[in-house]
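In case you want the letters, here they are:
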Amino acid sequence: MMKRILRIIMWLLFIFALFIAGAYFLPRIAIIERTAVIDAPPKVVFAQINDLHSWDKWSKWNQIDPDMKIKYINNGVGENAGYTWESDVKNVGSGQVLITETVPYDSIVTLLNFMEQGDARAVFQFEDIDNTTRVTWRMEYDVGFNPVARWMGLMMGRYVGPDFEEGLENLNVVCKVQVQENSYIEELVELEEFAYASVRKEVPYLEVSLIMGEMLGTVSSFIEDVNVGIAGAPFAIYHEMEGEQIDLECGIPISEPVIGTETIITSVYPSIKCAAVDYYGDYRQLEDAHTTLQ
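Caption draft 1: Expanded view of the overall build of the protein. Along the protein, the regular secondary structure elements total 8 helices and 13 strands. The buried share among the 294 residues of the protein stands at 36%. Residue pairs at least 24 apart in sequence account for 59% of intrachain contacts in the protein once pairs closer than 6 positions are excluded. As displayed, the protein offers around 18200 Å² of accessible surface, 54% of which is attributable to carbon and sulfur atoms.

Caption draft 2: Just the layout of surface pockets, in detail. The volume enclosed by the largest pocket comes to roughly 1200 Å³. Looking at the lining of the largest pocket, the elements with two or more residues in it are β9 (194-204), α7 (208-226), β10 (235-242), β11 (245-254), β13 (272-276) and α8 (286-293). Grouping the amino acids of the lining of the largest pocket by side-chain chemistry returns 25 nonpolar, 4 polar and 1 charged.

Caption draft 3: The environment of Ser-255, seen in detail. On the secondary structure map, Ser-255 appears in the loop between β11 and β12 (265-269). Residue classification places Ser-255 among the partly exposed positions, given a relative accessible area of 48%. Along the primary structure Ser-255 and Gly-232 are separated by 23 residues, whereas in three dimensions their C-alpha atoms are 8.7 Å apart. Apart from residues lying up to four places away in sequence, Ser-255 is in contact with Val-228, Gly-229 and Ala-231.

Caption draft 4: Region of the structure containing the nonpolar core. Val-45, Ile-49, Trp-55, Trp-58, Phe-124, Phe-126 and Leu-171 are the most contacted members of the largest nonpolar core, which has 35 residues in total. Per element, the largest residue contribution to this core is 6 residues, and it comes from helix α6 (residues 156-180). Contact partners of Phe-124, with chain neighbours within four places excluded, come to Ile-49, Trp-55, Trp-58, Asp-106, Ser-107, Ile-108, Thr-110, Thr-136 and Trp-137. Core analysis: the next-biggest nonpolar cluster, separate from the first, contains 19 residues, Ala-195, Val-199, Met-215 and Leu-248 among them.

Caption draft 5: The arrangement of the packing of aromatic side chains in detail. Applying the stated rule across the entire model yields 19 aromatic pairs. Their ring planes at 90° and their centres at 6.2 Å tell us that Trp-58 and Phe-124 sit as a pair that is edge-to-face. Remark: Phe-124 occurs in strand β6 (residues 119-129) and Trp-58 occurs in helix α3 (residues 55-58); sequence separation between them is 66 residues. In this structure, Trp-58 and Phe-124 share a single accessibility class: buried. Here the aromatic cluster, defined as three or more aromatic residues joined through ring pairs, consists of Trp-55, Trp-58, Trp-61, Tyr-72, Tyr-83, Trp-85, Phe-124, Trp-137 and Phe-164.

Caption draft 6: Structural detail: the pattern of salt bridges. Throughout the structure, instances matching the rule amount to 12 salt bridges. For Asp-39, the salt bridge goes to Lys-176, with nearest N and O atoms at 4.0 Å. Remark: Lys-176 occurs in helix α6 and Asp-39 occurs in the loop between β1 (29-38) and α2 (42-50); sequence separation between them is 137 residues. Asp-39 gets classed as partly exposed once you look at its relative accessible area, which sits at 39%. Since its relative accessible area comes to 30%, Lys-176 is described here as partly exposed. Linking Arg-134 and Glu-127 is a salt bridge whose minimum nitrogen-to-oxygen distance equals 3.1 Å. Residue classification places Arg-134 among the partly exposed positions, given a relative accessible area of 33%. Under the relative-accessibility criterion, Glu-127 is labelled partly exposed at 41%. By sharing partners, the salt bridges in this structure join Glu-33, Arg-121, Arg-138 and Glu-140 into a single network.

Caption draft 7: Structural detail: the sheet that holds β11. Sheet architecture is open: 4 strands sit in the order β10-β11-β9-β12, paired in antiparallel fashion. Each having just a single partner strand, β10 and β12 make up the two edges of the open sheet. Strand-to-strand twist in this sheet, taken as the mean axis angle between neighbours without regard to direction, amounts to 30°. Strand direction decides the pairing type here: β9 and β12, joined by 5 bridges, are antiparallel. The residue of β12 that forms the bridge with Ala-197 is Thr-266.

Caption draft 8: Looking closely at the confidence of the model for the protein. For the protein, the average pLDDT comes to 84, and 83% of its residues sit at 70 or higher. When pLDDT is averaged over each element of the protein, β11 comes out on top at 96 and helix α5 (residues 147-154) at the bottom at 49. Note that residues 21-26 has pLDDT below 50 and, in this model, 10 contacts with residues that lie over four places away or in other chains.

Criteria and cut-off values
- Residues numbered from 1 in each chain as written.
- Predicted model: local features only at pLDDT ≥ 70, side-chain atom pairs only at ≥ 80, totals over all residues.
- Heavy atoms only, no water.
- Helix = DSSP H or I, 4+ residues; strand = E, 2+ residues; numbered from the N terminus.
- Buried < 20%, exposed > 50% of the residue type's maximum accessible area, 1.4 Å probe, protein only.
- Contact = heavy atoms within 4.5 Å.
- Areas by Shrake-Rupley, 256 points an atom, 1.4 Å probe, with all protein chains shown as cover.
- 1 Å grid on protein atoms, 1.4 Å probe; cavity = no way out; pocket = protein on both sides within 12 Å on 5 of 7 lines; lining within 4 Å.
- Points joined across faces, edges and corners; volume = space filled by probe spheres on them.
- Nonpolar A, V, L, I, M, F, W, Y, C, P; charged D, E, K, R; others polar.
- Core = buried A, V, L, I, M, F, W, Y, C linked by side-chain atoms within 4.5 Å.
- Phe/Tyr/Trp six-rings, centres within 6.5 Å; stacked < 30°, edge-to-face > 60°.
- Salt bridge = Lys/Arg side-chain N within 4 Å of Asp/Glu carboxyl O.
- Pairing = 2+ DSSP bridges.
- Axes fitted to C-alpha atoms, helices over the stretch in contact; angles between N-to-C directions.
- pLDDT = per-residue confidence, 0-100.

Next up, the structure:
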């Protein structure tokens, strides 16, 4: 009887040793990847992921606990932005998401800190397919040296994969609504410095559309006279809006700096980060776009 017990113990120890040894032949990095085609252009899809405020609309994890406390980092939009979360729900816990790299309409890289559970790296890649977007969502999680964690890493795709799939399905719905409702897509844009010529004056609010055309006409004539190239789309700067008057500057980017006149301002606009939306339509509805940005 004793020999039989010893034999069972030896076999158990042998199996346990195989379990431990085998774990170290397993990959240390667990990978979960899912792909879906979203019925919206890459710009729309990219904006929903690049703006962390939008994750509540599509991320399965953000929807598990409606009372989850979120604090945004760097306004929660674009590279170096992020958020921390705290939840009393066991499957949610606490942690931090940080966007480490963005390439507009191509890819977004995020770093996820699950506190005592370690870090993970997630990459979203976007591919334009006939005005739809193939999104590949890939997460790499370092399971470390713990042999049990190594074995668990093999099953992460089975357990976490469905959350990815549901998130991508939700993302598709959100993006389709954005397209159907022709919603504004807000972005943070880095403008490189550029030379320009402009005219600045105070104008009545109700006459902006008419006077803006006249101001840009004056700038165009100057550019033609000094024989420089136009280097971009016309722009308008509302320096101050008070009462019914607007301190308005209208200009056109030019290919190289030139000397201005008493009427024409010439200078170099510095590199700057700004919020932007694309607006198409009647000038009288432009206020809606400005309200969205603000």
